[in-house]
Amino acid sequence: MIVHRPSGRGGTVAWAVPQHTAFDANERTAWAGRGDAYAASFGRLCARPVGELLDAAGVSAGSRVLDVGTGPGTVAAGAGARGARVTAVDAEPSMLELARRNAPQARAVLAALPELPFEDGEFDVVVANFVLNHVGRPLVALGELRRVLRPGGRIALTIWSGSPAPGQTLVPRALRAAGAVRPPHLGPLDPADDFPRTTDGLAGLLAAAGLREAGCRAVDFAHATTVDEWWSGPASGVATVGLTLLAQPPEIRAAARGHYERLAGEFRTGPAGGDALLLPHSALLASAVR
């Protein structure tokens, strides 16, 4: 595959990269058929910064908006409610089915970064809510998003912070306490493709992709959930944490659940012994102009 990567001088240079990395292949496996499980658990969490994301992107009535990695269509629905003309893209069919239901006004397209089936400059706005976490070559993916954005158009995106808040580490802590071992094929990005998950690191990545006026800020919030709801995502194999859990023998999975319930006590709210949790999270919100 030939990818046109921004040169940093206003143009692009063509370079050859594999269509998918091993990281991308693992991501496809992690999400396959799990749209409903995601929407009922982590999807509610990822919906929290949608309003701020759309504000940062300047989404308004009549805007041609691309929502890439739409998931269950939460961002697409929010953009549509503002009167935008929305195209929603996801690589996972079960997610796209939900997006069609939740954002029926949007054009829904099955496609995956770093190759999108759109013309150069087709959109006024591009938004990506917690998407760069799930691609093998973030800079190449951003180059593709830049390509489909018109000159002067805005891009806004979110990722999880590299300094996770305590609520984000609850399930991983339980897995570690149980002695769970992460399967080797679920490794991190190749260091050559990774970037610092900080405000400066994400803003720098946008600039390296040839985008202008890049800025980034932290978005901190507490997510209200329950003990069973928060566990349901990993227990259904959602994302890397879920695949790690399901890869363990039954006794380790049971131990992880026990440690989870113990550690969840740090975040319980309401009456003693209740199931309500309030989990602190930290994300990064960045925006730029082509």
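Criteria and cut-off values
Residues numbered from 1 in each chain as written. Predicted model: local features only at pLDDT ≥ 70, side-chain atom pairs only at ≥ 80, totals over all residues. Heavy atoms only, no water. Helix = DSSP H or I, 4+ residues; strand = E, 2+ residues; numbered from the N terminus. Rg over C-alpha atoms; globule rule 2.2 N^0.38 Å. Buried < 20%, exposed > 50% of the residue type's maximum accessible area, 1.4 Å probe, protein only. Areas by Shrake-Rupley, 256 points an atom, 1.4 Å probe, with all protein chains shown as cover. Lys, Arg positive; Asp, Glu negative; His and termini not counted. Charge placed at Lys NZ, Arg CZ, Asp CG, Glu CD. pLDDT = per-residue confidence, 0-100. Contact = heavy atoms within 4.5 Å. Phe/Tyr/Trp six-rings, centres within 6.5 Å; stacked < 30°, edge-to-face > 60°.

Examining the overall build of the protein
Piece 1. The helix and strand inventory of the protein stands at 12 helices and nine strands.
Piece 2. Its C-alpha radius of gyration of 19 Å places the protein within 12% of the 19 Å reference for a compact globule of 290 residues.
Piece 3. Oriented by its inertia axes, the alpha-carbon framework of the protein measures out at about 55 × 40 × 35 Å.
Piece 4. A buried classification covers 50% of the 290 residues belonging to the protein.
Piece 5. Approximately 12,200 Å² of the protein is accessible, and the part contributed by carbon and sulfur atoms is 54%.
Piece 6. Positive and negative side-chain charges of the protein, numbering 28 and 27 respectively, have mean locations separated by a distance of 3 Å.

Comments concerning unusual backbone geometry
Piece 1. With an omega of 10 degrees, the peptide bond between L113 and P114 qualifies as cis.
Piece 2. Summarising the element assignment, P114 is placed in the loop between β5 (107-110) and β6 (123-129).
Piece 3. In this structure, F130 is a non-glycine residue whose phi angle is positive, near 55 degrees.
Piece 4. By secondary structure assignment, the location of F130 is in the loop between β6 and α7 (138-148).
Piece 5. A relative accessible area of 5% places F130 in the buried class.
Piece 6. Even without being a glycine, E213 presents a positive backbone phi close to 55 degrees.
Piece 7. Locating E213 in the fold gives a position in strand β8 (residues 212-226).

Some words on the confidence of the model for the protein
Piece 1. When the pLDDT values of the protein are averaged, the result is 91; 93% of them are 70 or greater.
Piece 2. Below a pLDDT of 50 lies the segment residues 1-18, which in the model reaches 37 contacts outside its immediate sequence neighbourhood of four places, other chains included.

Focus on the packing of aromatic side chains
Piece 1. Per the stated rule, a full pass over the model turns up six aromatic pairs.
Piece 2. Taken together, a centroid distance of 5.0 Å and an interplanar angle of 70 degrees make the contact between F42 and W230 edge-to-face. Note that F42 is positioned in helix α3 (residues 42-46) and W230 in helix α10 (residues 227-235), a separation of 188 residues in sequence.
Piece 3. Seen in terms of ring centroids, F130 and W160 are 4.1 Å apart; in terms of plane orientation they differ by 15 degrees. Their pairing is stacked. In this pair, F130 is assigned in the loop between β6 and α7 and W160 in strand β7 (residues 149-160), connecting sequence segments 30 residues apart. The burial state of F130 is the same as that of W160; both residues are buried.
Piece 4. Ring pairing ties together the aromatic residues F130, W160 and F221, which thus form one cluster.

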